[in-house]
Amino acid sequence: MTKKERKSLIKIIIAMILLIMVSILPVNDIVKLGLYIITYLIVGYDVVWKAIKNLFTGQVFDEHFLMSLATIGAFATGEYLEAVLVMLLYQIGELFQSYAVGKSRRQITELMDIRPDYANIEQDGKLVKVAPEEVSLGDEIVVKPGEKIPLDGIVKDGESMLDTSALTGESVPRKAKINDTVLSGCINKTGILKIEVTKEFSESTASKILDLVENASTKKAKTENFITKFARYYTPIVVVLALCLAFLPPIFIRDLTVLDCVKRSMTFLVISCPCALVISVPLGFFGGIGGASRQGILIKGSNYLEALSNTKTIIFDKTGTLTEGKFQVVKTESKDKDKLLEIAVLAESFSSHPIALAIREKAKKQLDQKRIKNVKEVAGKGITAKIDGKEVYVGNIKLLTDHKIECPEVSDIGTIIYVALEKEFLGYIVIADKVKENAKETLEELKHKNHITTTVMLTGDKKEIASSIAKEVGVDKVYSELLPQDKVDKLEMILKDQVGENKVAFVGDGINDAPVLTRADVGIAMGALGSDAAIEASDVVIMDDDISKINDAINLSQRTIRIVKQNIYFAIGIKVFFLILGALGVANMMEAVFADVGVSVIAILNSMRALNVKK
Amino acid sequence: MKKVFKLEDLDCAACAAKMEDAIKKVKGVQVVSVNFVTQRLKLELDEENYDTIIKEIKKVCKKVEPDCTILD
């Protein structure tokens, strides 16, 4: 509770006690009136005072003015108790609303609190806490278990497990050892780390992400802009209606006095305050953005959140998005597989080619490199060498045919490495980029649960490879053998085919598809943690490379928009209903205040649901 | 120069928009954004006359939103 809220609470309690006293004490009417006025002033003087002040600064018709007018009007017509009660109720409502907003704010900001408070620096053999802003490049900082890493850097000493969940939403801790790059915002779990700082505080990951999320609300969604516009026209219309209500009916209907109608029109004005909308809509959007950041999904503005919820077509880049983006041995074929692999590993043991790395990773063991002699790399073909004195050939089909070794035709998709020993074909290894484990599932879910109508894959890769992967994950359309600029053309083509509000999202790793990312309605970069270029070019950033997060992001956007719309319909609906009741003289002022405050609080509570994400 | 202030008792998004509009009109202010949820005022200002600009900003804010205070 802030100071203002506490003061207001005390006032409300005193006023309540006074009101109870007035109703039970046997005093005459003049004393009663005096007590009512005192109570009214205690609970409402600031409202009246503000109304008067606002009149002088030219801000007529704000809620303070409405409340003052309505309650003083009630006093004038002799309804003292109602006047005091309305003011009291209004203040209780304001207090409740302010508390709810404060609580929501705290929840959101706590959620995003990855800002480190301090850094430990060694000075004269002692650890000193300094502000992260004061640490400069190349300084060595010490991070103890349980502390946040304050700045990006390289581990110089120590080993530990890091909790990266604040950045990635991933709850499995990551290992950090000497020479590893570590990012600010992670929490050190187990060991002491000495880190050499490689980025200043303002350039560090934590600052950048925080900046991004905090500024997200400046890019407003259409729905949000609608609310601002709505408020602009709404107030004058309501005031004109209220004036009509006060003075027109008595002319036409004989039974109604002007006094009655003025009362009704004041009730009408009290109901009309659009607080519920104005507060709950931005809170809802921000809640959604905050909830997403909790899952390692950064959405750069409410406008993108809205576009994401209207996405009907998703275009995927192949490498690194649908696939792992690294070569792996997917198949070995031979009578003696162990021997095949052993020869391949030995022959490739001096190479740094991605294929060599894939083969070595598969074998997982170090072999005695002294067994291998006369290694010769034949460019574009493979390797010839002597292992244990025997001639071996490891490479593509050209290498073997060049040496007149007979070998069978292989139809597997991927890069095929043939192995021959002493002019005799031994077997082959298939190396390919593997499809991500949950890619197929994710795509199915996108279509069945999230109303995505078309999925498309773009790739620069060869046609056979592209279509085999497309089949495996189940995308609707494939465009292969594309140069980077062709990708933009294809996207333009798809964009042209869209009707109405339907949006197109592009998912890539942000490395060489920046133009496509920027051109799409929603550019989603994956695995972007630590890559500034990808974060820069995209509208939605998924920190790790878990493809199922796309589902989460779309789910969450649709849910947030749903909540925001609920609030809009609910608030406007209830308002209009009570406005009619007020105009007809059915609802009195107390009910009016109750409706106003009630709608606001319910809408605020509802918008906080946007913050809740499944974990 | 860039400057960020914390705000207290910023009660509604409409008030935030009102403040933003008012501050925009202060001479020497280049960029202004008032964030309702994080209760922050972000400013880009001319270097010279810094103190007078800030004073003016505080004055216009008091006028449109008497409740809300800019914390230093």
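Residues numbered from 1 in each chain as written. Chains lettered and ligands numbered in written order. Predicted model: local features only at pLDDT ≥ 70, side-chain atom pairs only at ≥ 80, totals over all residues.

A. The overall build of chain B, seen in detail. Counting secondary structure elements, chain B contains two helices and four strands. Mapped in sequence order, the helices and strands of chain B form the string β-α-β-β-α-β. Relative to the globule expectation of 11 Å for 72 residues, the C-alpha radius of gyration of chain B, 11 Å, shows essentially globular dimensions. Referenced to the eigenvectors of the C-alpha coordinate spread, the extents of chain B come out at roughly 30 × 20 × 20 Å. Counting every position in chain B, which comprises 72 residues, the buried fraction comes to 32%. Look at the contacts in chain B between residues 6 or more apart in sequence, and 64% of them connect residues 24 or more apart. (Helix = DSSP H or I, 4+ residues; strand = E, 2+ residues; numbered from the N terminus. Rg over C-alpha atoms; globule rule 2.2 N^0.38 Å. Buried ≥ 20, exposed ≤ 12 C-beta atoms within 10 Å, placed from the backbone. Contact = placed C-beta atoms within 7 Å.)

B. The arrangement of the domain arrangement of chain A in detail. The domain boundaries assigned to chain A delineate domain 1 (3-106), domain 2 (119-200) and domain 3 (325-434). Put simply, the middle of domain 1 of chain A and the middle of domain 3 of chain A, counted by C-alpha atoms, are 86 Å apart. (Domains from an automatic or database assignment.)

C. Summary view of the packing of helix α9 (residues 258-272) of chain A against helix α22 (residues 589-607) of chain A. Residues and elements named next belong to chain A. α22 packs onto α9 with a crossing angle of 10° between their chain directions and a minimal axis gap of 8 Å. Considered as vectors, α9 and α22 are oriented roughly parallel to each other. Contacts between α9 and α22 pair Met-266, Thr-267, Val-270 and Ile-271 from the former with Met-589, Ala-592, Val-593, Ala-595 and Asp-596 from the latter. Broken down by class, the residue content of the contact of α9 with α22 amounts to seven nonpolar, one polar and one charged. (Axes fitted to C-alpha atoms, helices over the stretch in contact; angles between N-to-C directions. Parallel < 35°, antiparallel > 145°, perpendicular 65-115°, else oblique. Nonpolar A, V, L, I, M, F, W, Y, C, P; charged D, E, K, R; others polar.)

D. Spotlight on the sheet that holds strand β6 (residues 174-176) of chain A. Across the sheet, three strands lie side by side as β6-β5-β8 (chain A); this open sheet has antiparallel pairing. At either margin of the open sheet sits one strand with a lone partner, and together these are β6 and β8 (187-188) of chain A. (Pairing = 2+ DSSP bridges.)

E. How the structure looks around the sheet that holds strand β11 (residues 311-317) of chain A. Residues and elements named next belong to chain A. Taken in spatial order, the seven strands of this open sheet run β10-β22-β21-β20-β11-β18-β19, and their pairing is mixed. Of all strands in the sheet, those with a lone pairing partner are β10 (297-299) and β19 (477-479), marking the two edges. The sheet shows a mean angle of 20° between the axes of neighbouring strands, direction not considered. As paired strands, β10 and strand β22 (residues 540-542) are joined by three bridges and run antiparallel to one another.

F. Main features of the nonpolar core. All names here are of chain A. Core analysis: the largest hydrophobic core is formed by 149 residues, its most contacted members being Val-86, Met-87, Val-270, Ile-524 and Val-540. Ranked by the residues each element gives to this core, the list is headed by helix α21 (residues 549-584), at twelve residues. Each of domain 1 (3-106) and domain 2 (119-200) contributes no fewer than three residues to this core. Counting 30 residues, the second-largest nonpolar core is a separate cluster that includes Ala-344, Ile-359, Leu-400 and Tyr-418. (Core = buried A, V, L, I, M, F, W, Y, C linked by C-beta atoms within 7 Å.)

G. Local environment of unusual backbone geometry. All names here are of chain A. Notably, Asn-179 is not glycine yet its phi reads approximately 75°, a positive angle. With respect to the helices and strands, the residue Asn-179 is situated in the loop between β6 and β7 (181-182). A positive phi angle, close to 50°, is found at Asn-374, a residue other than glycine. Take Asn-374: it is sitting in strand β13 (residues 372-378).

H. Highlighting the pairing of strand β21 (residues 522-526) of chain A. Residue and element names in this part refer to chain A. Counting buried positions over the five residues of β21 gives five, a clear majority of the element. Alignment of strand β20 (residues 503-508) against β21, held across four bridges, turns out to be parallel. Along β21, the bridge assignment pairs Val-507 with Ile-524. Here three bridges tie β21 to β22, and the two strands are oriented parallel to one another. For Ala-525, the partnering residue across the bridge sits in β22 and is Val-541.

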